[in-house]
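# A structural walkthrough
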There are 2 protein chains.
Amino acid sequence: MNIESAAVNILKRGVELDTKKRYTEALVCYQEGLQILVDKIKGEIDDSNKAYLRKKVEEYMNRAETIKKLVLQQKEAGQFHEQVHIENNSTGHSYKTLFGRFLDEEVQYVSVEDPYIRSFHQCQNFLRLCELLVRSCPNLQQIVLITSKDGKSEGDQREWFTNLSNDLANYKIQLIVKFSETLHDRQITLSSGWIIKIGRGLDYFKAPENKFCLGVYDMDLRNCHETTVDIVHSKNIKQSYG
Amino acid sequence: MNIESAAVNILKRGVELDTKKRYTEALVCYQEGLQILVDKIKGEIDDSNKAYLRKKVEEYMNRAETIKKLVLQQKEAGQFHEQVHIENNSTGHSYKTLFGRFLDEEVQYVSVEDPYIRSFHQCQNFLRLCELLVRSCPNLQQIVLITSKDGKSEGDQREWFTNLSNDLANYKIQLIVKFSETLHDRQITLSSGWIIKIGRGLDYFKAPENKFCLGVYDMDLRNCHETTVDIVHSKNIKQSYG
């Protein structure tokens, strides 16, 4: 695969997502593809090739700008809604790939509602999410987790959260864990207004077959259970956190 | 932190690395910083700000181009040498951050010489490296590991490599493990000519304090042992693999 075809593949994927109105994902593809094309132009000697690439860059840049405005309008109107369907046994759905594009310097508080952050591997999923938040949100101050108690190993669960909480404190991030026995919905709410609702909650990855499989660490290589992800935006979130 | 200061920080880091002749790392910073500035220009209304940003973009682009040529010249002359010193207890040194910039579509074969891929956590490090190679090198065909046998758990070690080998086969990548009792040097050789020599080999991460620490999964958050990394380029590698 040469560099140009890499750009073509990413841009094609962008158009595909764009057609499905999965705008924020399309934007990521357009931006990555454009970066490759722009680098390509710099190295191109042939004038007609250069002109062709320039034209393509302009086209995709304009489309990217249009999408940005569209997303902004939808956010303002409280009408933003994107849906991602994760197929059974598909890969490429790490937390970062799924919603990393919404994690930025605007995020100061994150609330995670998920009744199943109880068993060891579920709590490890939550740890992975915390790692991603720490890396992506430089102004993060607080994570609130609302989950249910693990009947079998409540003591362990408490110890795990205590360890995680102590470590997050080193990054000046407060972890607050609340228990609810009536919680059913699963959603991640960012103080920037984005709400990510994963049908299965954080626990949508299949277990690896053994400890030496690709995908033990890199969740983009891990097979998934079928689930639907809805992403919406609300302007009223900042207030309730304020 | 606003977007502009994010760009400034990355570009500053680029200049710092540039001054230390750590050119390929500097390039990554310049490119990331430039991307942010270019995005910023699009959204900027004030003309004098726009002109200022344009000037900055041009400056850094020119420097990036110069470095690219410099690296190419050094590679051609067989004189490329970059050294990274990892300080004791520092973070930000995952395999991807350390040498991910050399992993691309040019890499078809990778050889890993490291006498200490023996214990469980060392073999897990090797798994992490394999995950990174699979994700970054679309044309990868073969990984050769040369290491030594684990006196204590040779059976386990063999089983781990068998599992990994079976899984890599799903990606059409062959894993060949060779054992040597006299091996001392540690180096990763890419068929594209890059050679990465890590003083301690792959095992330069400190163990996490417990299983719910940040850095259990994201190695950029993991504390490191002190070690020195030398990166060189040889034009003769393709032949020996050919």
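The following paragraphs examine the structure supplied in this document. The numbers attached to residues start from 1 for each chain and follow its sequence in the written order. By the order in which they are written, chains take letters starting at A while ligands take numbers starting at 1. It should be noted that, the model being predicted, local features are given only for residues of pLDDT at least 70 and side-chain atom pairs only at 80 or more, the latter also being counted only at that level, while totals for whole chains, interfaces and linings use all residues. As a convention, hydrogens and water are excluded, and side-chain values are obtained from all of the structure's heavy atoms.

### Here's the deal with the relation of the copies chain B and chain A
Both copies of the chain are related through a single rotation about an axis accompanied by a shift along the same axis. Convention followed: The atoms used to superpose the copies are C-alpha atoms, taken from residues with pLDDT of at least 70 in both, and the fit is least squares. Pairs of residues are marked as contacts when any of their non-hydrogen atoms sit within 4.5 Å.
In screw terms, the move from chain B to chain A is a rotation of 180 degrees and a rise of 0.0 Å along the axis, fitting with an RMSD of 0.0 Å. Look at the turn and shift together and you get a two-fold axis relating the two. Taking C-alpha positions as the reference, the residue of chain B nearest the rotation axis is Y217 of chain B, at 3.3 Å. In this assembly, 100% of the residues forming the interface of chain B have copies in chain A that are likewise at the interface, indicating an isologous arrangement.

### Considering the packing of helix α2 (residues 23-43) of chain B against helix α3 (residues 47-76) of chain B
Packed helices, taken two at a time, are described by their axes: the angle between them and the distance between them. Residue and element names in this part refer to chain B. Rules: Each axis is a line fitted through C-alpha atoms, taken for helices only over the stretch in contact, and angles between the N-to-C directions span 0 to 180 degrees. The numbering of helices and of strands both runs from the N terminus, where a helix is a DSSP run of H or I of at least 4 residues and a strand a run of E of at least 2. Orientation labels follow simple angle bins: below 35 degrees gives roughly parallel, above 145 gives roughly antiparallel, 65 to 115 gives roughly perpendicular, and whatever is left gives oblique. By the definition used in this description, the sense in which the near helix is turned from the far one sets the handedness, with an anticlockwise turn below a right angle giving left-handed and a clockwise turn giving right-handed. Residue polarity is assigned by list, with Asp, Glu, Lys and Arg as charged and Ala, Val, Leu, Ile, Met, Phe, Trp, Tyr, Cys and Pro as nonpolar; anything else, Gly included, falls into the polar class.
Two numbers describe how α2 lies on α3: the axes approach to 9 Å, and their chain directions differ by 155 degrees. The orientation of α2 relative to α3 falls into the category roughly antiparallel. For the pair α2 and α3, the sense of crossing is left-handed. Of the residues assigned to the contact of α2 with α3, the class counts are 16 nonpolar, three polar and six charged.

### A word on the sheet that holds strand β3 (residues 142-147) of chain B
Residues and elements named next belong to chain B. Our working rule: Between any two strands, pairing holds if DSSP finds at least two bridges.
Taken together, seven strands build an open sheet; the order of strands is β1-β7-β6-β5-β2-β3-β4 and the sheet is mixed. Each end of this open sheet is capped by a strand with a single partner; those strands are β1 (81-86) and β4 (174-179). This sheet shows a mean twist of 15 degrees between the axes of neighbouring strands, independent of strand direction. With five bridges joining them, strand β6 (residues 194-198) and strand β7 (residues 227-233) adopt antiparallel strand pairing. Its bridge partner lying in β7, I195 is registered against V232. Most of the contacts of helix α5 (residues 120-136) go to β3, to which it runs at about 160 degrees, and overall it touches β2 (109-113), β3, β4 and β5 (187-190).

### Some thoughts on empty space enclosed by the protein
Summary: where empty space remains is shown by rolling a probe the size of a single water molecule over the atoms. We count it as follows: Grid points spaced at 1 Å over the protein atoms alone were grouped into cavities, where a 1.4 Å probe fits but cannot get out, and pockets, open sets with protein on both sides within 12 Å along at least five of seven lines, with lining residues defined by an atom within 4 Å of a point. Grid points are joined across faces, edges and corners, and a volume is the space filled by probe spheres set on the points.
The full count for this structure, using the stated rule, is two cavities of 30 Å³ or more. Its volume calculated, the largest cavity comes out at about 60 Å³. Surrounding the largest cavity, V112, E113, D114, R186, Q187, I188, I196, K197, I198, G201 and L202 of chain A form its lining. Within the residue set of the lining of the largest cavity, elements represented by two or more residues are β2 (109-113), β5 (187-190) and β6 (194-198) of chain A. Examining the composition of the lining of the largest cavity, we find that three residues originate from one element, β6 of chain A, more than from any other. Of the pockets and cavities examined, the second largest cavity occupies roughly 40 Å³. Lining the second largest cavity we find V112, E113, D114, R186, Q187, I188, I196, I198, G201 and L202 of chain B. Listed by contribution, the elements that provide at least two residues to the lining of the second largest cavity are β2, β5 and β6 of chain B. Residue composition of the lining of the second largest cavity, grouped by class: five nonpolar, two polar and three charged.

Everything listed is a geometric property; what it means functionally is a separate question.
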